[in-house]
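Below are the chains, spelled out letter by letter.
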Amino acid sequence: GAVVSQHPSRVICKSGTSVKIECRSLDFQATTMFWYRQFPKQSLMLMATSNEGSKATYEQGVEKDKFLINHASLTLSTLTVTSAHPEDSSFYICSAREEPNSPLHFGNGTRLTVT
Amino acid sequence: EDKVVQSPLSLVVHEGDTVTLNCSYEVTNFRSLLWYKQEKKAPTFLFMLTSSGIEKKSGRLSSILDKKELFSILNITATQTGDSAIYLCAVEASTGNQFYFGTGTSLTVIP
């Protein structure tokens, strides 16, 4: 089945530094990947849709200069949280699908803590 | 406004009980409804439903969709402590790559 790998699973960084999170589709090609943020006891909040070879589509209220998304290949998308602040601490999850009518498959998420 | 509403928000049952989780939706241009189980990490896929009245089953879990009344249910029979998780419902719109997630139902199964 479709496997999505996300790395790292947990990261602690100091305020002002940047953090890169990788999302890979291991056994399929994903022209589109999705980045979500999840707050405690809340559902998934879509941040952006990552399109291979083109610019990401950001949801309203998500700062594109702060959350840089790069989808350089059909199996890899990265999310870089630039100049991280404590309020960026959250659980970030990526997802991808094999084809238009297939379900989303999720990576295991990244727990970001900014001190 | 497109939305997905799940109920109940949380549920506590004893092992062996049967539970029914609900998901209602108002989404323009419905394409499919998906159920996920989320434990400590990211959601894992359970079911994808596109047609009304056709039950999907996997072990003790089953789900069905009613496109006329705009809802789906997820049933878990003979619950086990390992079923404790948040169950998420998502609806995809046919406009493509547009998913709407409910807030989830938190299920706790106690021994």
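Just so you know, these numbers come straight off a predicted model, no measurement behind them.

Asker: Can you help me understand the overall build of chain A in this one?
Answerer: Helix and strand counts for chain A come out as zero helices and eleven strands. Going from N to C terminus, chain A has its helices and strands arranged as β-β-β-β-β-β-β-β-β-β-β. Taking 2.2 N^0.38 as the reference for a compact globule, 115 residues should give roughly 13 Å; the C-alpha atoms of chain A span a radius of gyration of 13 Å, in line with that estimate. Overall, chain A is about 40 × 25 × 20 Å in size when its C-alpha atoms are taken along their principal axes. Taken over 115 residues, chain A has a buried fraction of 53%. Counted over contacts in chain A with a minimum sequence separation of 6, partners at least 24 positions apart contribute 53%. Counting every atom, chain A has about 5,700 Å² of accessible surface; 48% of that belongs to carbon and sulfur. Of the charged side chains in chain A, 11 are positive and 10 negative; the average position of the first set lies 8 Å away from that of the second.

Asker: Looking at this model, I keep getting lost on the confidence of the model for chain B. Mind explaining?
Answerer: Close inspection of predicted coordinates is inappropriate in any region flagged by low pLDDT. For chain B, per-residue confidence averages 94 on the pLDDT scale, and residues scoring 70 or more make up 99% of the total. Considering each helix and strand of chain B separately, the mean pLDDT is smallest for strand β10 (residues 98-101) of chain B, with a value of 89, and largest for strand β8 (residues 71-76) of chain B, with 98.

Asker: Which parts of the structure should I look at to understand the nonpolar core?
Answerer: In terms of nonpolar packing, the biggest core is built from 26 residues, with Trp35, Tyr58, Phe67, Ile69, Leu79, Tyr92 and Leu112 of chain A touching the most fellow members. Once residues lying within four places of it in the same chain are set aside, the contact partners of phenylalanine 67 of chain A are Arg37, Met47, Tyr58, Val62, Leu79, Thr80, Val81, Asp88 and Tyr92 of chain A.

Asker: Mind showing me how you'd approach the sheet that holds strand β1 (residues 3-7) of chain B here?
Answerer: Remark on secondary structure: sheet strands pair via backbone hydrogen bonds, oriented parallel or antiparallel. Residues and elements named next belong to chain B. The strand order across the open sheet formed by five strands is β1-β3-β8-β7-β6, and the pairing between neighbours is antiparallel. The sheet is open, and its two edges are formed by β1 and β6 (56-58), each paired on a single side. For this sheet, the mean angle separating the axes of adjacent strands, direction not counted, is 15°. In terms of strand pairing, β1 meets strand β3 (residues 19-26) through five bridges, oriented antiparallel. When the sheet's bridge partners are listed, valine 5 is paired in β3 with serine 24.

Asker: Honestly, the interface of chain B and chain A in this entry has me stumped. Any pointers?
Answerer: Interfaces are frequently sized by the accessible area removed from exposure as the parts join. Contact with chain B, which involves 17 residues of that partner, is made by 19 residues of chain A. Interface area for chain B against chain A, summed over the two sides, is near 1,500 Å², with a carbon-plus-sulfur share of 58%. Counting every contact that joins chain B to chain A gives one salt bridge. A salt bridge links glutamate 92 of chain B to arginine 97 of chain A; the shortest N-O distance between them is 2.7 Å. Summed over the shared surface of chain B and chain A, the result is four residue pairs in polar contact (both at pLDDT 80 or more). Those elements that provide at least two residues to the side of chain B that touches chain A are β4 (30-38), β5 (44-49), β9 (85-93) and β10 of chain B.

Asker: Looking at this model, I keep getting lost on the pattern of salt bridges. Mind explaining?
Answerer: Here the idea is simple: oppositely charged side chains can pair when their charged atoms come close. For the structure on display, the rule yields six salt bridges over all chains. Residue arginine 60 of chain B pairs with aspartate 83 of chain B through a salt bridge whose shortest N-O separation is 2.8 Å. Residue arginine 60 of chain B is found in the loop between β6 and β7 (61-66), and its partner aspartate 83 of chain B is found in the loop between β8 and β9; the two are separated by 23 residues along the sequence. The buried category is assigned to aspartate 83 of chain B, whose relative accessible area is 5%. Overlapping salt bridges bring together Arg97 of chain A together with Arg31 and Glu92 of chain B as one network.

Cut-offs and rules
- Residues numbered from 1 in each chain as written.
- Chains lettered and ligands numbered in written order.
- Predicted model: local features only at pLDDT ≥ 70, side-chain atom pairs only at ≥ 80, totals over all residues.
- Heavy atoms only, no water.
- Helix = DSSP H or I, 4+ residues; strand = E, 2+ residues; numbered from the N terminus.
- Rg over C-alpha atoms; globule rule 2.2 N^0.38 Å.
- Buried < 20%, exposed > 50% of the residue type's maximum accessible area, 1.4 Å probe, protein only.
- Contact = heavy atoms within 4.5 Å.
- Areas by Shrake-Rupley, 256 points an atom, 1.4 Å probe, with all protein chains shown as cover.
- Lys, Arg positive; Asp, Glu negative; His and termini not counted.
- Charge placed at Lys NZ, Arg CZ, Asp CG, Glu CD.
- pLDDT = per-residue confidence, 0-100.
- Core = buried A, V, L, I, M, F, W, Y, C linked by side-chain atoms within 4.5 Å.
- Pairing = 2+ DSSP bridges.
- Axes fitted to C-alpha atoms, helices over the stretch in contact; angles between N-to-C directions.
- Buried area = accessible area lost by both parts, 1.4 Å probe.
- Salt bridge = Lys/Arg side-chain N within 4 Å of Asp/Glu carboxyl O.
- Polar contact = N/O pair within 3.5 Å; in protein donor to acceptor, adjacent residues only side chain to side chain.

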